[in-house]
Amino acid sequence: ADWGRVYDQSLVVKEAAREGGRLAALGKSSAEVQQAVKRYDNALTVAVLPSVPVKGENVAVTVRGAVSIITPLLDKIFPSNPYPLKATVILQVE
(Lines give C-alpha, C1' and ligand atoms only; values in the text may rest on other atoms or scores of the structure.)
Protein backbone atom coordinates (compact mmCIF):
# COMPACT_ATOMS: atom_id res chain seq x y z
CA ALA A 1 0.00 0.00 0.00
CA ASP A 2 2.83 2.43 0.79
CA TRP A 3 4.46 1.91 -2.62
CA GLY A 4 1.20 2.94 -4.24
CA ARG A 5 0.81 5.97 -1.97
CA VAL A 6 4.38 7.13 -2.67
CA TYR A 7 3.85 6.70 -6.42
CA ASP A 8 0.46 8.44 -6.34
CA GLN A 9 1.74 11.39 -4.33
CA SER A 10 4.81 11.69 -6.58
CA LEU A 11 2.45 12.07 -9.55
CA VAL A 12 0.48 14.73 -7.68
CA VAL A 13 3.67 16.67 -6.88
CA LYS A 14 4.90 16.45 -10.48
CA GLU A 15 1.56 17.50 -11.98
CA ALA A 16 1.20 20.38 -9.51
CA ALA A 17 4.71 21.57 -10.44
CA ARG A 18 3.83 21.41 -14.15
CA GLU A 19 0.64 23.40 -13.60
CA GLY A 20 2.45 25.97 -11.47
CA GLY A 21 5.25 26.23 -14.04
CA ARG A 22 2.77 26.75 -16.85
CA LEU A 23 1.07 29.59 -14.98
CA ALA A 24 4.38 31.19 -14.01
CA ALA A 25 5.51 31.01 -17.66
CA LEU A 26 2.36 32.89 -18.60
CA GLY A 27 3.40 35.68 -16.22
CA LYS A 28 1.00 34.90 -13.38
CA SER A 29 1.91 36.09 -9.88
CA SER A 30 3.50 33.85 -7.25
CA ALA A 31 0.24 33.98 -5.28
CA GLU A 32 -1.72 32.71 -8.29
CA VAL A 33 0.84 29.94 -8.86
CA GLN A 34 0.67 28.89 -5.21
CA GLN A 35 -3.12 28.91 -5.26
CA ALA A 36 -3.17 26.64 -8.34
CA VAL A 37 -0.66 24.21 -6.79
CA LYS A 38 -2.58 24.09 -3.49
CA ARG A 39 -5.67 22.90 -5.42
CA TYR A 40 -3.83 19.60 -5.96
CA ASP A 41 -3.03 19.17 -2.26
CA ASN A 42 -3.18 21.87 0.40
CA ALA A 43 -0.17 20.34 2.20
CA LEU A 44 2.18 21.03 -0.73
CA THR A 45 4.76 23.80 -0.44
CA VAL A 46 5.63 25.97 -3.44
CA ALA A 47 8.63 28.12 -4.35
CA VAL A 48 8.66 30.38 -7.42
CA LEU A 49 12.00 31.86 -8.53
CA PRO A 50 12.18 34.63 -9.43
CA SER A 51 9.07 35.66 -7.53
CA VAL A 52 8.25 38.20 -10.26
CA PRO A 53 8.70 36.47 -13.63
CA VAL A 54 10.35 38.52 -16.40
CA LYS A 55 9.34 38.01 -20.03
CA GLY A 56 12.02 36.09 -21.92
CA GLU A 57 13.73 34.84 -18.73
CA ASN A 58 13.39 31.44 -17.06
CA VAL A 59 11.14 30.86 -14.08
CA ALA A 60 11.45 27.84 -11.78
CA VAL A 61 8.62 26.37 -9.77
CA THR A 62 9.51 23.84 -7.08
CA VAL A 63 6.81 21.84 -5.32
CA ARG A 64 7.45 19.73 -2.23
CA GLY A 65 5.28 17.18 -0.52
CA ALA A 66 5.67 14.15 1.77
CA VAL A 67 4.20 10.70 2.32
CA SER A 68 4.10 8.98 5.69
CA ILE A 69 5.28 5.36 5.56
CA ILE A 70 3.03 3.16 7.67
CA THR A 71 4.10 -0.37 6.70
CA PRO A 72 6.61 -1.62 9.31
CA LEU A 73 9.15 -3.21 6.93
CA LEU A 74 9.11 -0.42 4.35
CA ASP A 75 10.35 2.11 6.88
CA LYS A 76 13.69 0.29 6.56
CA ILE A 77 13.79 0.93 2.78
CA PHE A 78 12.74 4.59 2.80
CA PRO A 79 15.48 6.70 4.43
CA SER A 80 13.14 9.14 6.14
CA ASN A 81 9.59 9.15 7.38
CA PRO A 82 7.66 11.01 6.13
CA TYR A 83 9.30 10.40 2.77
CA PRO A 84 9.97 13.73 1.00
CA LEU A 85 8.94 14.32 -2.61
CA LYS A 86 10.05 17.19 -4.83
CA ALA A 87 9.50 18.31 -8.43
CA THR A 88 10.93 21.36 -10.20
CA VAL A 89 9.78 22.78 -13.53
CA ILE A 90 11.81 25.44 -15.36
CA LEU A 91 10.17 27.28 -18.25
CA GLN A 92 10.75 30.46 -20.20
CA VAL A 93 8.29 33.27 -19.45
CA GLU A 94 6.22 34.11 -22.53
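Numbering of residues begins from 1 in every chain and follows the order in which that chain's sequence is written. Only residues with pLDDT of 70 or above have their local features reported here, since the model is predicted, and side-chain atom pairs are shown and tallied only from 80 upward, although totals for entire chains, interfaces and linings are computed over all residues. The side-chain quantities take in all heavy atoms of the structure and omit both hydrogens and water.

Draft legend 1. Structural view of the overall build of the chain. Helical segments are the DSSP runs of H or I of at least four residues, strand segments are the runs of E of at least two, and each set is numbered from the N terminus. Within the chain, the secondary structure is distributed over two helices and three strands. For the chain, the spread of C-alpha atoms along the three principal axes comes to 50 × 20 × 15 Å. Relative accessible area decides the class of each residue, using a 1.4 Å probe on protein chains only: under 20% of the type maximum gives buried, over 50% gives exposed, and in between gives partly exposed. Considering the chain as a whole, with its 94 residues, one finds that 37% of them fall into the buried category. A contact between two residues is defined here by any heavy atoms of the two lying within 4.5 Å. Counting only contacts in the chain whose residues sit at least 6 apart along the sequence, the fraction spanning at least 24 positions is 59%. Accessible area of the chain: about 5,800 Å², with a carbon and sulfur share of 56%. With 11 positive and 9 negative side-chain charges, the chain shows a spacing of 2 Å between the two charge centroids. In this description, accessible areas are obtained by the Shrake-Rupley approach with a 1.4 Å probe, and a residue is regarded as covered only by the protein chains that are shown. Charge counting follows a simple rule: Lys and Arg are positive, Asp and Glu are negative, and His as well as the terminal groups are ignored. For this purpose, a charge sits on NZ of Lys, CZ of Arg, CG of Asp or CD of Glu.

Draft legend 2. Region of the structure containing the sheet that holds strand 3 (residues 83-92). A sheet is described by the order of its strands in space; here three strands give the open sequence 1-2-3, paired in antiparallel fashion. Single-partner strands in this sheet number two, and they are strand 1 (45-49) and strand 3. Strand after strand, the sheet turns through a mean of 15° between neighbouring axes, direction not considered. Strand direction decides the pairing type here: strand 1 and strand 2 (residues 58-67), joined by five bridges, are antiparallel. Within strand 2, the position partnered with T45 by the bridge is R64. Interaxial angle, 0 to 180 degrees, is taken between N-to-C directions of lines fitted to C-alpha atoms, where a helix line uses only the stretch in contact. Packed onto the sheet, helix 1 (residues 2-25) meets strand 2 and strand 3 and runs at close to 25° relative to strand 3. Packing of helix 2 (residues 30-38) onto the sheet brings it into contact with strand 1 and strand 2, and relative to strand 1 it is tilted by some 150°. By the convention used here, strands pair only if DSSP detects at least 2 bridges between them.

Draft legend 3. Broad picture of the nonpolar core. With 24 residues, the main nonpolar core has V33, V37, L44, V61 and V63 as its most contacted residues. The set of elements that each furnish at least two residues to this core consists of helix 1, helix 2, strand 1, strand 2 and strand 3. Of the residues forming this core, the biggest block, seven residues, is contributed by helix 1. Dropping the residues within four chain positions of it, V63 is found in contact with V13, A16, A17, V37, L44, T45, L85, K86 and A87. Here the nonpolar core consists of buried residues drawn from Ala, Val, Leu, Ile, Met, Phe, Trp, Tyr and Cys, with membership extended through side-chain atoms lying within 4.5 Å.

Draft legend 4. The arrangement of the side chain of S10 in detail. Mapped onto the elements, S10 comes out in helix 1. Under the rule applied, a polar contact is a pair of N or O atoms within 3.5 Å (in protein, one hydrogen donor and one hydrogen acceptor; residues adjacent in sequence only if both atoms are side-chain atoms). Looking at S10, its side chain comes within polar contact range of the main-chain oxygen of Y7, at 2.6 Å.

Draft legend 5. Broad picture of the environment of L44. Turning to its location among the elements, L44 is positioned in the loop between helix 2 and strand 1. Residue L44 is classed as buried on the basis of its relative accessible area of 0%. Remark: the alpha-carbon pair of L44 and R64, spanning 20 residues in sequence, is separated by 5.6 Å. Among all residues touching L44, those that are not within four sequence positions of it are Q9, V12, V13, A16, V37, K38, V63, R64 and G65.

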